[in-house]
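Chain by chain, the residues:
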Amino acid sequence: QVQLVESGGGLVEPGGSLRLSCAASGSWFGIGYMGWYRQAPGKERELVAGVLSGGIPDYAEAVKGRFTISRDYAKNTVYLQMNSLKPEDTAVYYCNTKVRRYRFTTPEDYWGQGTQVTVSS
């Protein structure tokens, strides 16, 4: 079993910053991908940023230049630094990881519980 625990959401004014954290725990053979998605009211869940193990981060066009994803491989944690926040960034942010539980198995998807980010004056 794999658990993802998120933290760091909250209310911030436009132009402000927040840093989200997501720590993975449990047992696995390897974690390949870690990323962040978000879902605003009435909209579908969308990719914000993601990175494969040792790979180059990928960002949604709407957040390029403002958000930065990083991983601490020793802590099995992924971070999302969000700067210059806009009201349209308001959403529930979900951590996602693809974990290979055993050596020759297909990677499985795991999701965090979600953390609310509200950008408002």
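For the structure, see preceding data.
These remarks concern the structure in this document. The model shown is predicted, which means the values in this text are computed figures rather than measured ones.

## Regarding the nonpolar core
- Ranked by internal contacts, the top residues of the largest apolar core, which has 29 residues, are Trp 36, Val 48, Phe 67, Ile 69, Leu 80, Met 82 and Tyr 93.
- If sequence neighbours within four positions are ignored, Met 82 has contacts with Gly 16, Ser 17, Leu 18, Leu 20, Arg 66, Phe 67, Tyr 93 and Val 117.

## Here's the deal with the pairing of strand β7 (residues 67-72)
- What you see with β7 is a clean split: Phe 67, Ile 69 and Arg 71 sit on the buried side and Thr 68, Ser 70 and Asp 72 on the side with no burial.
- Bridging between β7 and strand β8 (residues 77-82) involves six bridges; their strand directions are antiparallel. Bridge pairing links Ile 69 to Leu 80 in β8.
- Hairpin geometry of β7 and β8 is characterised by an intervening segment of four residues between the two adjacent antiparallel strands and by a positive phi of about 50° at Asn 76.

## Looking at the pattern of salt bridges
- Using the criterion set out here, one finds five salt bridges in the structure.
- The residue Arg 38 makes a salt bridge to Asp 89 at a minimum N-O spacing of 3.0 Å. Of this pair, Arg 38 sits in strand β4 (residues 30-39) while Asp 89 sits in the loop between β8 and β9 (91-100), and the two are 51 residues apart along the sequence. Of the two residues, Arg 38 and Asp 89, both sit in the buried class.
- Of the charged contacts, one joins Lys 64 and Glu 61 as a salt bridge, the two residues approaching to 3.2 Å between their closest N and O atoms.
- For Glu 61, a relative accessible area of 62% puts it in the exposed group.
- Bridged by salt links that share partners, the residues Arg 38, Glu 46, Arg 66 and Asp 89 form one connected network.

## Brief notes about the environment of Lys 75
- For Lys 75, the position within the fold is in the loop between β7 and β8.
- A residue is classified by how much of its surface remains accessible, and Lys 75, at 55% relative accessible area, is exposed.
- Separated by 58 residues in sequence, Lys 75 and Ser 17 have C-alpha atoms that sit 23 Å apart.

## Structural notes on the state of the cysteines
- By the definition in use, this model includes one disulfide.
- In this model, Cys 22 is linked to Cys 95 through a disulfide, with the two sulfur atoms separated by 2.1 Å. Of note, the bridge from Cys 22 to Cys 95 carries an S-S torsion of about -80° and is left-handed in sense. With Cys 22 in strand β3 (residues 18-26) and Cys 95 in strand β9, this residue pair connects regions lying 73 residues apart in the sequence. Pair check on accessibility: Cys 22 and Cys 95 agree, each one buried.

Rules used throughout
Residues numbered from 1 in each chain as written. Predicted model: local features only at pLDDT ≥ 70, side-chain atom pairs only at ≥ 80, totals over all residues. Heavy atoms only, no water. Core = buried A, V, L, I, M, F, W, Y, C linked by side-chain atoms within 4.5 Å. Buried < 20%, exposed > 50% of the residue type's maximum accessible area, 1.4 Å probe, protein only. Contact = heavy atoms within 4.5 Å. Helix = DSSP H or I, 4+ residues; strand = E, 2+ residues; numbered from the N terminus. Pairing = 2+ DSSP bridges. Salt bridge = Lys/Arg side-chain N within 4 Å of Asp/Glu carboxyl O. Disulfide = S-S within 2.5 Å.

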